[in-house]
Amino acid sequence: MQNSQVFILAIESSCDDTAAAVLNNDKVLSNVVANQLIHTQYGGVVPELASRAHQQNIVPVIDAALQKANITKDQLSAIAFTQGPGLMGSLLVGSSLAKSMALALQIPLIAVNHMHAHILAHFIDEENFDKPSFPFLALTISGGHTQIVKVNDFFDMQIIGETTDDAVGEAFDKSAKILGLPYPGGPLVDKYAQLGNPKAFPFTKPKVPGLDFSFSGLKTAILYFIQKKKLENPDFITENLNDICASIQHTIIEILMDKLKLAVKETGIKQIAIGGGVSANSGIRKTLKETEQKYGWKTFIPKFEYTTDNAAMIGIVGYQKFLSQKFETSSVVSKARIQF
């Protein structure tokens, strides 16, 4: 089903960012995100507050996306929305509006798996950004997920490694909290790490068989290390913040890279694409680019705005599903946990 003028309105509301985008085929015409600052005072996302903020933001965000794309709602070919995974209250706000709009406009409704979208964001048509060819390996790293996925086609993906406990994004944020940094702490760890010595404080890497990950033990080790050092010197964090952050980040990157190397060895696939909020981390991006020359890999790093939660990535999956006519009825349900 080819059409040179397929306009997809995409809605993303899985966590605490309300986002809407308009795509013309695989090109992004607009990508609008409204952040929820209220969660910073609680040190994490409060689900009830998130869903209320989505209700306030979603109509203005969609309106802004349509205006920026310079199209009217009557020109839309379909509406795509995040079905899951995510916070149930947040997901319901997006799905309810998507269903009502699709019904009112009498256009197809498309449900999208949020994690598929992080992977397929690489297929958005962007100048100076290459698209991977199938098959490739995807490392999806976010606050809630850490996965290595073998991607055979747009809708043929297989998880070959995942975290057995905490996600890498949580490891960054909890480490930041231990250091007394405000939420969200992951980007701050990255910021200070760029100024520090990554070999200053060695942390033990967890021994997990196969391609799976574990980060709970590392978080505990960091906590005990900081507690011990603060007893010896109450000003330890202040005096060594850059080196501590650099050491934590270096350890996390080594854990990720060790598993990626093993995945390449086991599958023979040397195309690596990263996605998810943690793929915005400068250390991970730099290390991955270095592997191209070192190991002969071809790496794909998405445009920065497509790493964190956004609707453009939902839209590109919506476009591919539109071409395959993978549509849903209004009886489709949001799912906090969804089969990959």
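Residues numbered from 1 in each chain as written. Predicted model: local features only at pLDDT ≥ 70, side-chain atom pairs only at ≥ 80, totals over all residues. Heavy atoms only, no water.

With respect to the pattern of salt bridges
And then number 1: Within the structure shown, the criterion is met by 14 salt bridges.
And then number 2: Between Asp26 and Lys131 there is a salt bridge, with its nearest N and O atoms 3.0 Å apart. With Asp26 in the loop between strand E2 (18–24) and strand E3 (27–34) and Lys131 in the loop between helix H3 (114–120) and strand E6 (136–141), this residue pair connects regions lying 105 residues apart in the sequence.
And then number 3: The salt bridge partner of Asp166 is Lys219, with a shortest N-O separation of 2.9 Å. One end of the pair, Asp166, is in the loop between strand E8 (156–162) and helix H4 (168–178); the other, Lys219, is in helix H6 (residues 216–232), and 53 residues separate them in sequence. (Salt bridge = Lys/Arg side-chain N within 4 Å of Asp/Glu carboxyl O. Helix = DSSP H or I, 4+ residues; strand = E, 2+ residues; numbered from the N terminus.)

So, the UniProt feature "binding site: substrate" (unreviewed entry) in the protein chain
And then number 1: Feature annotation in UniProt places "binding site: substrate" (unreviewed entry) on Thr140, Ile141, Ser142, Gly143, Gly144, Asp173, Gly186, Asp190 and Asn281, given in this structure's numbering.
And then number 2: Considering the arrangement of structural elements, one finds Ile141 in strand E6.
And then number 3: Taking the relative accessible area as the measure of exposure, Ile141 reaches 0% and is therefore buried.
And then number 4: Once residues within four sequence positions are removed from consideration, Ile141 is found in contact with Thr146, Val168, Leu256, Gly275, Gly276, Gly277, Val278, Ser279 and Ile284.
And then number 5: Residue position: Gly143 is located in the loop between E6 and strand E7 (146–153).
And then number 6: For Gly143, a relative accessible area of 48% puts it in the partly exposed group.
And then number 7: In this view, Gly143 contacts Ala167, Gly169 and Glu170; residues no more than four positions away in its chain are not counted. (UniProt positions renumbered as here; feature names shortened; annotations may be inferred. Buried < 20%, exposed > 50% of the residue type's maximum accessible area, 1.4 Å probe, protein only. Contact = heavy atoms within 4.5 Å.)

Concerning the UniProt feature "binding site: Fe cation" (unreviewed entry) in the protein chain
And then number 1: Mapped onto this structure's residue numbering, the UniProt feature "binding site: Fe cation" (unreviewed entry) falls at His114, His118 and Asp309. These residues run over 196 residues, yet every pair of their C-alpha atoms falls within 8.7 Å of each other.
And then number 2: Locating His114 in the fold gives a position in helix H3.
And then number 3: Apart from residues no more than four positions distant in its own chain, His114 is found in contact with Glu12, Ser14, Thr82, Gly84, Pro85, Asp309 and Met313.
And then number 4: A polar contact is formed between the side chain of His114 and the side chain of Glu12, at a distance of 3.3 Å.
And then number 5: Along the chain, Asp309 falls in the loop between strand E10 (298–300) and helix H9 (312–323).
And then number 6: The class for Asp309 is buried, based on a relative accessible area of 17%.
And then number 7: Once residues within four sequence positions are removed from consideration, Asp309 is found in contact with Glu12, Ser14, Cys15, Asp17, Val33, His114 and His118.
And then number 8: Within the local environment of Asp309, its side chain forms a polar contact with the side chain of His114, the two groups lying 3.0 Å apart. (Polar contact = N/O pair within 3.5 Å; in protein donor to acceptor, adjacent residues only side chain to side chain.)

Things to note about the sheet that holds E8
And then number 1: Taking strand neighbours across the sheet as the criterion, the five strands line up as E8-E7-E6-E9-E10 in an open arrangement whose pairing is mixed. In this open sheet, the two strands that pair with only one neighbour each are E8 and E10. The average angle at which neighbouring strand axes cross in this sheet is 25°, direction not considered.
And then number 2: Where E6 meets E7, six bridges bridge the pair, whose relative direction is antiparallel. Note that in E7 the partner of Ile141 across the bridge is Thr146.
And then number 3: In this fold helix H8 (residues 282–295) packs onto E6, strand E9 (271–275) and E10, with an angle of close to 155° to the strand it touches most, E10. (Pairing = 2+ DSSP bridges. Axes fitted to C-alpha atoms, helices over the stretch in contact; angles between N-to-C directions.)

What to know about the nonpolar core
And then number 1: Ranked by size, the top nonpolar core spans 44 residues in total, and within it Val168, Leu179, Phe215, Ile226, Ile252, Leu256 and Leu288 carry the most contacts.
And then number 2: Among the elements of the structure, E6, H4, helix H5 (186–193), H6, helix H7 (236–267), E9 and H8 are those that each provide at least two residues to this core.
And then number 3: Top element by residues in this core is H7. It accounts for 15 residues.
And then number 4: Ile252 has contacts with Val168, Ala171, Phe172, Phe215 and Leu218, leaving out every residue within four places of it along the chain. (Core = buried A, V, L, I, M, F, W, Y, C linked by side-chain atoms within 4.5 Å.)

Section: the sheet that holds strand E5 (residues 109–113)
And then number 1: Spatial strand order, E3-E2-E1-E4-E5: five strands in an open sheet with mixed pairing. What marks the edges here is a single partner per strand, and that holds for E3 and E5. The sheet shows a mean angle of 20° between the axes of neighbouring strands, taken without regard to direction.
And then number 2: Examined bridge by bridge, strand E1 (residues 7–12) and E2 share six bridges and lie antiparallel to one another. Bridging across to E2, Ile11 finds its partner in Ala20.
And then number 3: Relative to the sheet, helix H2 (residues 88–105) contacts E1, strand E4 (78–84) and E5, its axis offset from that of E4 by approximately 155°.

Some remarks on H5
Each α-helix turn comprises 3.6 residues. Residues three or four places apart therefore point the same way.
And then number 1: Along H5, the residues classified as buried are Gly186, Val189, Asp190 and Ala193. When H5 is viewed along its axis, its buried side chains cluster within an angular range of 100° and face the same direction.
And then number 2: Buried residues along H5 sit against H4, H7 and H8. (Arc of directions from axis to C-beta.)

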